[in-house]
Amino acid sequence: MDIKDTARPLDGAGVSTFLRSLPAKPQLLGLGEARHFVGELGELRNEIFRHLVEHEGYRSFAIESDCLMGLVVDDYITTGAGTLDDVMERGFSHGFGASPANRELVRWMRAYNEGHDEKLRFFGFDGPLEYWAASPRQALTALYALLDGPLPRAVVTKETLDTLLGPDDRWSNEATAMDPSQSIGQSADAQRLRLIADDLVALLDTQAPQLSAEDRERAALYGRTAIGLLRYHYWMADMSPARWTRLSALRDAMMAANLRAVAEHGPALVFASNLHLQRNKSSMSFGDQTLEWWSAGAITATHLGDRYAFLASAFGTVGDDVPSPDTVEGLLSTLPWDHSLIDARRLAEAITRPAPRISHDFAYFPLDPAQLDMIDGVAFLKQAVRLKKLG
């Protein structure tokens, strides 16, 4: 089989044809990043999302960014609250607010909502964490406020909650990433806060009928974020060799819980690293360890089945890094289009024993030839030139 027979141009028509080829219409369509901060991929993603909105009924966009900060962006695109500059600064984590493609996406979504009754929604689906984690203050106090009344005060008073939380910097200490002894995650205060968070989430279920749909949605987000953060902090204080495997798995489990909530709003495009969206286990070298954990995509696919689809991105030339002709990316670079959409499972049948790509760009994660049959499609860019340097 000629690999050209497995591919088509990556444009709106190609995406619609791809969707028709799937066994079911996906509630979540994952578009993976082989590398963060690639200008060409961000622009292509925006084109794909516009097509999905205008021709396929998509109404939500989700990105690998802090789920609580994402509320700032969602408020802006749905109500016009704030300014675009402020939203890009306060509404994204991991430096994603500096991306011109993200800025253009937010601007376009706001403009679309101004002219349509059925509103687009924006979601961050990462936890408020990186290798370290933020304070659970925002999530816990916001949940408490939504449940304000005699029952929440029976669980904990505002004053006690504030005392147990203490200064935020003792939670967000970046040194805890490499030194678990500096983490307060297994302190008496943190342990008590885990019980309080559990009680407040249970209380939410009993009080749901008196809340508006918007308040129920936000309270559920605050509840799962508070519990997830406190659980993450607990394992930040762990001294065992399994520490980083557990933390990586917990982060993706938080992502997956947020993605299931996004799916409740109808078809959504999800944009994040290939490692988070793939169906197979993620693997990463970390010091002298190799970490393996189930990705958010794998967990989400377990719940959604055929209603989850995954397009992995891959690049030919990355900056000045050119793939060897016998790698998957090298073979795909012979396709006649600058941007191609490839049926991954047919590609797996068409190529025999491709060599693994060794990239000189540490931030680029090449396609794993052995995992092609776990991917629905490949969004291939022949060149990725406009890169933001990392580190």
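On a predicted model such as this, the values are computed, not experimentally measured, just so you know. (Residues numbered from 1 in each chain as written. Predicted model: local features only at pLDDT ≥ 70, side-chain atom pairs only at ≥ 80, totals over all residues. Heavy atoms only, no water.)

Participant: Looking at this structure, I do not really get the sheet that holds strand β3 (residues 60-66). What am I missing?
Facilitator: Within a sheet, neighbouring strands are paired by backbone hydrogen bonds and run either parallel or antiparallel to one another. Taken together, eight strands build an open sheet; the order of strands is β1-β9-β10-β8-β2-β5-β3-β4 and the sheet is mixed. Both edges of this open sheet fall to β1 (7-9) and β4 (121-126), since each of them pairs with a single strand only. Each strand of the sheet is rotated relative to its neighbour by a mean of 25°, with strand direction disregarded. When β3 meets β4, the two strands line up parallel, connected through five bridges. Across the sheet, aspartate 66 pairs through a bridge with aspartate 126, a residue of β4. The sheet contacts of helix α11 (residues 243-263) involve β2 (28-33), β3, β4 and β5 (268-273), and relative to β4 the element is tilted by about 160°. (Pairing = 2+ DSSP bridges. Helix = DSSP H or I, 4+ residues; strand = E, 2+ residues; numbered from the N terminus. Axes fitted to C-alpha atoms, helices over the stretch in contact; angles between N-to-C directions. Contact = heavy atoms within 4.5 Å.)

Participant: Even after reading the chapter, I still don't get the packing of helix α6 (residues 137-146) against helix α8 (residues 158-165), so can you show me in this structure?
Facilitator: When two helices pack together, you describe them by how their axes are tilted relative to each other and by the distance separating the axes. Packing of α6 against α8 brings their axes to within 11 Å, and their N-to-C directions diverge by 175°. In this view, α6 runs roughly antiparallel relative to α8, as classed from their interaxial angle. Across the interface between the two elements, Arg137, Leu140, Thr141 and Tyr144 from α6 touch Lys158, Leu161, Asp162 and Leu165 from α8. Residue composition of the contact of α6 with α8, by class: four nonpolar, one polar and three charged. (Parallel < 35°, antiparallel > 145°, perpendicular 65-115°, else oblique. Nonpolar A, V, L, I, M, F, W, Y, C, P; charged D, E, K, R; others polar.)

Participant: Would you mind going over the side chain of aspartate 361 with me for this structure?
Facilitator: Here aspartate 361 shows up in the loop between α15 (344-350) and β10 (377-384). Taking the relative accessible area as the measure of exposure, aspartate 361 reaches 12% and is therefore buried. Those residues in contact with aspartate 361 that sit more than four places away from it in its chain are Arg35, Val318, Asp321 and Leu387. (Buried < 20%, exposed > 50% of the residue type's maximum accessible area, 1.4 Å probe, protein only.)

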